[in-house]
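Here is what each chain is made of, one letter per residue.
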Amino acid sequence: MIYLVRHGLDDEEYIGGWSDVDLVEEGVEQVREICSLLGTLPIKKIISSDIKRAKTTSKIVSEYLNVPVEYSDKFRELDKGDITGMNKTLALSLYPDYMDNVSVDTRYPNGESMIDLYERVKVLLDEISDWEDVLIVTHRGVINMIYF
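What counts as what
- Residues numbered from 1 in each chain as written.
- Predicted model: local features only at pLDDT ≥ 70, side-chain atom pairs only at ≥ 80, totals over all residues.
- Heavy atoms only, no water.
- Helix = DSSP H or I, 4+ residues; strand = E, 2+ residues; numbered from the N terminus.
- Expected span 1.5 Å × (residues − 1).
- Buried < 20%, exposed > 50% of the residue type's maximum accessible area, 1.4 Å probe, protein only.
- Contact = heavy atoms within 4.5 Å.
- Axes fitted to C-alpha atoms, helices over the stretch in contact; angles between N-to-C directions.
- Parallel < 35°, antiparallel > 145°, perpendicular 65-115°, else oblique.
- Left-handed = near helix turned anticlockwise from the far one by under 90°.
- Nonpolar A, V, L, I, M, F, W, Y, C, P; charged D, E, K, R; others polar.
- Arc of directions from axis to C-beta.

A closer look at helix 2 (residues 52-65)
Thought 1: For helix 2, built from 14 residues, the straight-helix expectation of 20 Å at 1.5 Å per residue is met to within 8% by its first-to-last C-alpha distance of 20 Å.
Thought 2: Listing the buried residues of helix 2 in full gives R53, A54, T57, S58, I60, V61, S62 and L65.
Thought 3: Buried positions along helix 2 lie against helix 1 (25-38), strand 2 (45-49), strand 3 (69-72) and strand 4 (134-138).

Printed below as a string of structure tokens:
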């Protein structure tokens, strides 16, 4: 069985993607709240995105469950290229075509498209051989692609 957890809330004034935006205090509290539920599951291993907000989330969960964490760049969010980590207001003024209603095949400047993310996640799922009682700490985009 695999369990999927999205990282806690981060500072939503900035573009996430591969940025080093960390959890805000509310996000840390969200993670602490989910720990009690996760403690009822037979989790043997945690695999986490290596992006800061996911690492912070997985560290809190790992300490609570006393389960080791393996970090992987393969579970990273969509690479939003040049706008990664940028303030959303600034990004909207500089890159208005990339902020709303982007099609699935539109690549962010020097980044990925949703199709690229889908293909990356599809390959990742094929590579993992042992899914027995694994918790994956990742991002909304990756979780959506797993569902697709």
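Text resumes after the structure shown.
Examining the packing of helix 4 (residues 114-127) against helix 5 (residues 140-147)
Thought 1: Between helix 4 and helix 5, the shortest axis-to-axis distance is 9 Å and the interhelical angle comes to 70 degrees. Between helix 4 and helix 5, the angle falls in the class roughly perpendicular. Judged by the sense of rotation from one axis to the other, the crossing of helix 4 with helix 5 is right-handed. On helix 5, the residues touching M114, L117, Y118, V121 and L125 of helix 4 are G141, V142, M145 and I146.
Thought 2: Looking at side-chain class alone, the contact of helix 4 with helix 5 contains 8 nonpolar, 1 polar and no charged residues.

A word on helix 1
Side chains of residues three or four places apart in an α-helix project in the same direction, reflecting 3.6 residues per turn.
Thought 1: The first and last C-alpha atoms of helix 1 sit 20 Å apart over 14 residues, in line with the 20 Å expected at 1.5 Å per residue.
Thought 2: Of the residues making up helix 1, those classed as buried are G27, V28, V31, C35 and L38. End-on, the buried residues of helix 1 take up no more than an arc of 100 degrees, which puts them together on one face. Exposed positions of helix 1 whose direction lies more than 90 degrees from the buried face are E25, E26 and E33.
Thought 3: Buried residues in helix 1 make contact with strand 1 (2-6), helix 2 and strand 4.

Topic: the packing of helix 1 against helix 2
Thought 1: At a minimum axis distance of 9 Å, the contact between helix 1 and helix 2 shows a crossing angle of 35 degrees. Crossing handedness for the pair helix 1 and helix 2: right-handed. Residues V28, V31, R32, C35, S36 and L38 of helix 1 touch helix 2, and the partners they reach there are T57, I60, V61, Y64 and L65.
Thought 2: Residues that form the contact of helix 1 with helix 2 fall into these classes: 8 nonpolar, 2 polar and 1 charged.

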